[in-house]
2 protein chains.
Amino acid sequence: MSESIQSLKRSHYCGHLNKTHIGQKVTLMGWVNKRRDHGGVIFIDLRDREGIVQVVFNPEIGVELFGKAESVRNEYVLAVVGNVVPRPEGTVNPSLATGEIDVLVKDFRILNPAKTPPFYIADEVLVDETIRLKYRYLDLRRPEMQQALILRHKTVKAIRDYFSDHGFIEVETPMLTKSTPEGARDYLVPSRIHKGEFYALPQSPQIFKQLLMVSGLDKYFQVVRCFRDEDLRADRQPEFTQLDVEMSFVQRDDVLTIMEEMIAFIFQKTLGMEIKTPLPRLTYAEAMDRFGVDKPDMRFGLELVNVGEEVKNVEFKVFSQVLQNGGQVKGINAKGCAHYSRKDLDDLTKFVGIYGAKGLAYILLTEEGVKSPIAKFFKEEELAAIINKMQGEPGDLLLFVADEPAVVAASLGHLRLELARRLNLINPDEYNFLWVVDFPLLEYDKEEGRYVAMHHPFTSPVEEDIPLMETDPGKVRAQAYDMVLNGIEIGGGSIRIHRRAIQELMFKTLGFSKEEAQDKFGFLLDAFEYGVPPHGGIAFGIDRLIMLMAKKNTIRDVIAFPKTQSAMDLMTQAPSPVSPKQLKELHIKVNIPEKNSLNQG
Amino acid sequence: MSESIQSLKRSHYCGHLNKTHIGQKVTLMGWVNKRRDHGGVIFIDLRDREGIVQVVFNPEIGVELFGKAESVRNEYVLAVVGNVVPRPEGTVNPSLATGEIDVLVKDFRILNPAKTPPFYIADEVLVDETIRLKYRYLDLRRPEMQQALILRHKTVKAIRDYFSDHGFIEVETPMLTKSTPEGARDYLVPSRIHKGEFYALPQSPQIFKQLLMVSGLDKYFQVVRCFRDEDLRADRQPEFTQLDVEMSFVQRDDVLTIMEEMIAFIFQKTLGMEIKTPLPRLTYAEAMDRFGVDKPDMRFGLELVNVGEEVKNVEFKVFSQVLQNGGQVKGINAKGCAHYSRKDLDDLTKFVGIYGAKGLAYILLTEEGVKSPIAKFFKEEELAAIINKMQGEPGDLLLFVADEPAVVAASLGHLRLELARRLNLINPDEYNFLWVVDFPLLEYDKEEGRYVAMHHPFTSPVEEDIPLMETDPGKVRAQAYDMVLNGIEIGGGSIRIHRRAIQELMFKTLGFSKEEAQDKFGFLLDAFEYGVPPHGGIAFGIDRLIMLMAKKNTIRDVIAFPKTQSAMDLMTQAPSPVSPKQLKELHIKVNIPEKNSLNQG
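Counting of residues starts from 1 at the beginning of each chain's written sequence and follows it residue by residue. The lettering of chains begins at A and the numbering of ligands begins at 1, in the order of writing. Only residues with pLDDT of at least 70 get local features here, since the model is predicted, and only at 80 or more are side-chain atom pairs given and counted; chain-wide, interface and lining totals rely on the full set of residues. To get the side-chain values, all heavy atoms of the structure are used, and hydrogens and water are removed first.

## Considerations on the UniProt feature "site: Important for tRNA non-discrimination" (unreviewed entry) in chain A
Residues and elements named next belong to chain A.
Move 1: UniProt positions are given in the numbering used here, feature names are shortened, and annotations may be inferred rather than shown by experiment. Taken from the UniProt record, the annotation "site: Important for tRNA non-discrimination" (unreviewed entry) applies to His 38 and Gly 90.
Move 2: The numbering of helices and of strands both runs from the N terminus, where a helix is a DSSP run of H or I of at least 4 residues and a strand a run of E of at least 2. Turning to its location among the elements, His 38 is positioned in strand β1 (residues 25–38).
Move 3: For Gly 90, the location among the structural elements is in the loop between β4 (77–86) and β5 (101–112).

## Digging into the packing of helix α5 (residues 206–214) of chain A against helix α15 (residues 514–527) of chain A
Residue and element names in this part refer to chain A.
Move 1: Axis geometry follows a simple rule: fit a line to the C-alpha atoms, using only the stretch in contact for helices, then measure angles between N-to-C directions, giving values from 0 to 180 degrees. Put simply, α5 and α15 touch, their axes get as near as 10 Å, and they point 15° apart. Considering their axes alone, α5 and α15 lie roughly parallel with respect to each other. Handedness of the crossing formed by α5 with α15: left-handed. The residues of α15 that touch α5, namely those facing Ile 207, Leu 211 and Val 214, are Phe 521, Phe 523, Leu 524 and Ala 527. Working definition: roughly parallel below 35 degrees, roughly antiparallel above 145 degrees, roughly perpendicular at 65 to 115 degrees, and oblique for all remaining angles. Put simply, a crossing is left-handed when the front helix is turned counterclockwise from the back one by less than a right angle, and right-handed when it is turned clockwise. We call two residues in contact when some of their heavy atoms are within 4.5 Å.

## Considerations on the relation of the copies chain A and chain B
Move 1: Least-squares superposition aligns the copies on the C-alpha atoms of those residues with pLDDT at or above 70 in both. Of the two same-sequence chains, chain A is brought onto chain B (RMSD 0.1 Å, axial shift 0.0 Å) by a rotation of 180°. The superposition operator between the copies reduces to a two-fold rotation axis.
Move 2: Comparing contact sets, 100% of the residues at the interface of chain A also lie at the interface in chain B, consistent with an isologous, same-surface contact.

## A look at the packing of aromatic side chains
Move 1: Note on aromatic pairs: the rings of Phe, Tyr and Trp (six-membered ring only in Trp) are paired at centre separations within 6.5 Å, and the planes decide the class, stacked below 30 degrees, edge-to-face beyond 60, tilted for the rest. Here the structure, examined in full by the defined rule, presents 52 aromatic pairs over all chains.
Move 2: A centroid spacing of 5.0 Å and a plane angle of 5° characterise the contact between Phe 507 of chain B and Phe 521 of chain B, whose relative ring orientation is stacked. Here the residue Phe 507 of chain B occupies a position in helix α14 (residues 500–509), and Phe 521 of chain B occupies one in helix α15 (residues 514–527), the gap between them amounting to 14 residues.
Move 3: Note on Phe 507 of chain B: relative accessible area 1%, which makes it buried.
Move 4: Here, a charge over a ring is recorded when the distance from Lys NZ or Arg CZ to the ring centre is within 6 Å and its angle to the ring normal is within 35 degrees. Lying over the aromatic face of Phe 108 of chain A, Lys 68 of chain A brings its terminal NZ or CZ to 4.7 Å of the ring centre. Exposure categories follow from relative accessible area, calculated using a 1.4 Å probe and restricted to protein chains: below 20% of the type maximum is buried, above 50% is exposed, and the middle band is partly exposed.

## Focus: the pattern of salt bridges
Move 1: Take a side-chain nitrogen of Lys or Arg and a carboxyl oxygen of Asp or Glu: if they are within 4 Å of each other, that pair is a salt bridge. For the structure on display, the rule yields 123 salt bridges over all chains.
Move 2: A salt bridge links Arg 192 of chain B to Asp 229 of chain A; the shortest N-O distance between them is 3.1 Å. One end of the pair, Arg 192 of chain B, is in the loop between β7 (188–190) and β8 (198–200); the other, Asp 229 of chain A, is in the loop between β9 (219–227) and β10 (239–248), on a second chain.
Move 3: Where Asp 526 of chain B meets Arg 500 of chain B, a salt bridge forms, and the shortest distance between an N and an O atom there is 3.9 Å. With a gap of 26 residues between them, Asp 526 of chain B in helix α15 and Arg 500 of chain B in helix α14 connect regions that are remote in the sequence.
Move 4: Each of Arg 132, Arg 136, Asp 139, Arg 142, Glu 144, Lys 552 and Asp 557 of chain A takes part in a single network of salt bridges with overlapping partners.

Rendered as structure tokens:
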């Protein structure tokens, strides 16, 4: 049974009622969160987006209405007309915003009944994510999910306010665009009109935003959906939302300033938090040296210390030979961990092994003195120099990796995070921002046997490094920058190349022939002939940013209808088979080789 | 040759300078709009997003700088440092915002040279649209194109401000979703992970926004890209932007009120115009009767007049027989057109023929009396009654169509617009809004041999018409509404079905089997069991709305990178062929039958 809403109009949200409404007649609409019968009276927690209020059904409302109230179950949709009254003494609920009042029902309608949902709608109820995603419309009834979506809305709104107030124009760029082979795998869309041809969904509006700068739009931004058909390791989605920004006639620090002030603005606006600007800036080289990663979590110390100078002449061959072969010896002082057991140390050794380290040397600085299997290889003054460099004190554990620089960085960088977790050094309420700058322009890809762009092929080299592009490409620094929050890259960008000759040199360095470059990026190279302003920009991952702001562990919790790790929507069951007629119209055929074709072929 | 921007910082936009800046040293950056040499001095109109200012190069800046200035051509990108000075008497240009001042150049850099562009960058220059779209980045340099994009930005920003301030949450819905056969043709996206399966790009977020209401989000909006793979007749784009809105616990008038106030808000905010609310409301029946269309342009009269009563007994068989067969006889009074020639009348007859009318009867009310080939078939009092009903006066031309109602409506509806154009009755500065309400829920599709939804299958019938769904479906009215601006539908929506039984009845009336309904919309029907609130919403076509606000003739002029009528992007050349490797990864093959296969088969 369900009744019509006709002639009723909601007067208040459930969650907005309080003492000031006592004596008022209100009309509420919402869901039955919970029903209790007590002493011949029915108490219902009625829930809407703004909160929960207790509505009370007395038998005085009459047999018919009271009987109807008795039929009500969880998640029924009700319209309730009643009077706001103070709760009887002793029944006030201070943990509820509306806990000082009740709504005494005079009339009500069942707008829709409900089956018992597959899980109880409450924040504290742990439900398998598969079930939550299948019944997402029920999962989104949970207040913390709604709060996450509301925070997302407010944050993106604040972003738009900020940019609009700073002279930026939001411009919509196409979703049906051209496949460009540089970058990740494209999602393709077959064209019905142009047989055998395909659109690609954008991995980012990079080229369009640069062309908007060519057109003189001066300051552009967009909150825009992007697509990458990658294997969804870690916490990725096939479609994600990006804050995309581009500015003309700017230099690096102009971009950094406007972006960090944007961040401060939205944190103030949505979380009421002060973010101190300017944000700290670290070069890539320094980040790698001190933290082993290009996105350091600086909420805690445990920095990497280079003891190369101290150990270069020691008898311990593992250290000295690594150095002779161009490697590094670096350590971390795990403060207060001198009590670690053999098993603890074995675990840590295994842990760094994941990142390629062949071993983990250690020195325990116990109250009884140094304990270490490698101590015997050092002269007393060598040991003292090492401990001194590591700022070792009694109670500390010194851990060392000796290897090629990439392995030292990866293993100690991850070890640092692991130790911070074990030692509970991370303040979950801190938001620690920084910029990492001066990235290398290129990195050598051993598999492909060529240099590839570390950011993307439109990134400008640092002016004075341009001559190195032809002689020593690996040494060229980029005018690139990342914003890092709590050890997670949330944004990255660069000053772009704006001169055709440099762009052509870049493509050449990446190993493109002139023809390939023209074929892939011809319209961009053409545009470069018609007066391109110096320009630069940045892109932020909105999903990740909101996840960090909402203190969630996965971006799926800040996306209304996310996909699984296998890129499925469990609610709509997308993707799904389509009709032969649809495929025929698009001039394509499904092409799945038979399972046993390998044997046959 | 191009010079670095290093150490220079723009102080002002070109277009912002005026008398108040006289005496200030400024740094400008922009494009050379025009260069004139006069009396040994070089004058350059420097252009940026905000406007144009004249910068002056005197030989006193030195041989080197002056020589460089002489090398400057149109569309070069310059950085200019100079002093703002008043223009010499007699050279003030009142048509230019900056026309009272010059910038006397002290130093400048050529940030980038430019080839001669394929067309001169100016609003008044007419260029073939194909060229404009190919060089869109140059086309967008034209101030009127930039103004259109800026208006679009401001309008969409105002929309977001309005909804955010009224308790709506913007929620992003998926782009990679499920193909649903009801509606237009889908764009498909092959899945790499799920072999032989496809995502579809959304035609609208209809189902998602309804599910957000199921989840209790209460008030939702989104400015969202949608996709339809239709033949691009008229002014359509394969991808378009929609303002999507949904509200819970509302009835029709709640939606109409919030939406018309939104429209008034954005017109005030962006164009400074007052739109009077509430907007007029016309039923579908009345719109069809008075204007022959469901989206009447009410900026002028020329209404359709039904003369059925007056002509039902006349001797003129064309009229009387049509009426006997259930047809209509209606006319338009073309005020002051009694002077129309035989050729004019032939043209109009041909015109209504396009819409199926077999003829166009006319009565000329000249100063010398009635002239009409059909007058002889009427008795004097019959003629008088017709003229009286038509409010005919000397000088008027009365035009009639007798046919089945659909043909009368289509032919006279279009004739009305044609006459308004010929008579110049349309005020291009007027914005005439109205609501059309009480649409039929269903229309009979002769081709498919079944009823189809006039809006979409989630539209709620008017409560009291529900019993008719099984007995006389064509008579059922929908709780649907369209907003019409100047004869163009800019938005449409409805109160939705929120009870499973009604939704199932709707699917049944549309001819779906239970299995089909479950297969296509199973997750929605399932959701309907868990407590769905009454809800309704609307969607607006943003491209069209902005086109009307900007007074453009095509939506392509308010989209940064539009596609052609054959769905191509002339700049990037999308769609385009892709590599065999890409297709293989997606488990599809191109399937183009050979040209001569028809002969062979």
